[in-house]
Amino acid sequence: MKRWFVTFLIALLAASSMGAIKLVVWCGGGTEREGIQAAITEYKKLNPDVDFELVDVPYAQYEQKVRLGIMSGDLPDLVTITYPYAPGYMQYMIDLTQYVQKYLGTTPEQFKNAMYDVVRVRVTEGDAVRYVPLHFTMQCLWVNVDYFKKAGIAYPPFGGRADPWTWAEFIDVLKKVKQANNIPYAMSMQRTAERLFNYLGIRGVKILDENLDFTLDKDPKAKQMLAEFVDLFKQNLMVPAEWISNQDPNMAFTGGLTAVLWAGSWSTLDLLKAGKNFAPAYLPKDAEWLSLEGGRFFGAFKTGKKDREEAAAKFALWLGWKGLGYDIYLQKTYHMSAYKEHMVKYDNAIMDLVQAVCGRLAEVTPEWVVTIRNSTLYSNMQTAIQNQASAAIAGQISVDEMIKNLRKEYDRLLSELGSKK
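Anyway, here's the lowdown on the structure attached to this text. Nothing here was measured: the structure is a model prediction, and the numbers come from that model. (Residues numbered from 1 in each chain as written. Predicted model: local features only at pLDDT ≥ 70, side-chain atom pairs only at ≥ 80, totals over all residues. Heavy atoms only, no water.)

**Considering helix H19 (residues 376-393)**
Move 1: With 18 residues, H19 ought to run about 26 Å at 1.5 Å a step, and its terminal C-alpha atoms sit 27 Å apart, in line with that.
Move 2: Along H19, the sharpest kink reaches roughly 45°, centred on Gln382.
Move 3: Of all 18 residues in H19, 15 are buried, a share of seventy percent or more.
Move 4: Just downstream of H19, Gly395 is the residue with a positive phi angle, here 80°. (Helix = DSSP H or I, 4+ residues; strand = E, 2+ residues; numbered from the N terminus. Expected span 1.5 Å × (residues − 1). Bend = angle between axes of the 7 residues up to and from the residue. Buried < 20%, exposed > 50% of the residue type's maximum accessible area, 1.4 Å probe, protein only.)

Written out as structure tokens, the structure reads:
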């Protein structure tokens, strides 16, 4: 009898072990990993039968790793996806809709309608929910408050000026603050297609239009606006190395080499760690006044293993829903909430400024900004756009050649995809 009982216990323990699920998560490392890890720690208290393996993937390698994983079938259960690349991977993600009521106690429509409009259109595909919000960001300016004070320049909206600068005023400000503080450059900006898209949008130029037609070789203003962008580097108003050799723009800004950082709400935590006097400010206004929403989504890959897919969906929904794991993640990462009227309690008042500045920019941003960027065509043009811009800034190609090369890439992608989407 005793031997039978011991055998029973061993079998029971083995069955229990077999029932445990381990979910593999690919993430971007840094504060993103810290936020997910903080949420996982709390989630495991509620679900001790689920284990996690977090795998850091550097941003520069992220796109390639996901593509190779899809081609080989060697995929994680869950993955964080940055905004520009999200549309291209929707087809590989499970539909979370079927699990919303079960695990959140709310209807799919209530779940979707709780998000900002610019977020909801990004996570859905028809009626299906392919992602949950991980964090929500808006591009803005960050200013070195001490530099601006020394130059006697007011900045909007909390530095003594209510309205955004016009583009002409902004260029004048960059020149004056650079001279007053005797610094080598005026502004830092990361080398991404999104920053160039934002700049061109403000100047009234679109890379693709709402019909997803390539417009840089049709718009009479495009060449001039691109030439003026390149000229910012020639005048040392912007840092050439940040676009030619992918130098970190935060280093120049926090190191005092520049007075302005064109980045966004995602920089909050890094700038706070630098321990200097920085503040968010409005982007300038020209033909348009707009920003670009961004951030990360969280999705569960189709693996064909139903128990793992459901466990992944359950965790994704918990992590991406207000009042649950989402608040834990945001408090750790200092990102904005993607849900309307969702107030997260942060431990630093700077987030009140960030939400006011970026919230206003979200309100004025037109719908076409999302329509164009929420497309596979634009998603697949990201690398070509930033590489061609870098080559023009380095003097390797002319602006005319840049436009021609992007037209060729657009036509190639259109042929490859078979349709505009």
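From this point, the discussion proceeds with the structure in view.
**Comments concerning the pairing of strand S7 (residues 141-144)**
Move 1: With burial as the criterion, each face of S7 is covered, one bearing Leu141 and Val143 and the other bearing Trp142 and Asn144.
Move 2: Bridge count for S7 against strand S9 (residues 260-262) is 3 bridges, and the pairing is antiparallel. Paired with Leu141 across the bridge in S9 is Trp262.
Move 3: Pairing geometry for S7 and strand S10 (residues 278-281), over 4 bridges, is antiparallel. Bridging from a neighbouring strand, Leu141 pairs with Ala281 of S10. (Pairing = 2+ DSSP bridges.)

**A short note on the environment of Asp217**
Move 1: Here Asp217 lies in the loop between helix H10 (193-202) and helix H11 (222-234).
Move 2: Given the relative accessible area of 39%, Asp217 is considered partly exposed.
Move 3: Distance in space between the C-alpha atoms of Asp217 and Cys27 is 38 Å, their sequence separation being 190 residues.
Move 4: Once residues within four sequence positions are removed from consideration, Asp217 is found in contact with Ile403 and Arg407.
Move 5: Within the structure, the side chain of Asp217 is placed 2.8 Å from the side chain of Arg407, a separation counted as a polar contact. (Contact = heavy atoms within 4.5 Å. Polar contact = N/O pair within 3.5 Å; in protein donor to acceptor, adjacent residues only side chain to side chain.)

**A few points about the sheet that holds strand S2 (residues 50-56)**
Move 1: Spatially, 5 strands are ordered S2-S1-S3-S11-S6 in an open sheet, and the strand pairing comes out mixed. The open sheet is flanked by S2 and strand S6 (132-138), the only strands paired with a single partner. Across the sheet, the mean angle from the axis of one strand to that of its neighbour is 15°, orientation sign disregarded.
Move 2: As paired strands, strand S3 (residues 78-82) and strand S11 (residues 293-300) are joined by 5 bridges and run antiparallel to one another. Opposite Thr80, over in S11, you have Phe298 as the bridge partner. (Axes fitted to C-alpha atoms, helices over the stretch in contact; angles between N-to-C directions.)

**Looking at the environment of Arg191**
Move 1: Its location among the elements puts Arg191 in the loop between strand S8 (187-189) and H10.
Move 2: Judged by its relative accessible area of 17%, Arg191 is buried.
Move 3: C-alpha of Arg191 to C-alpha of Leu377: the two residues are 186 residues apart in sequence and 20 Å apart in space.
Move 4: Contact partners of Arg191, with chain neighbours within four places excluded, come to Glu242, Trp243, Ile244, Asn246, Gln386, Asn387 and Ser390.

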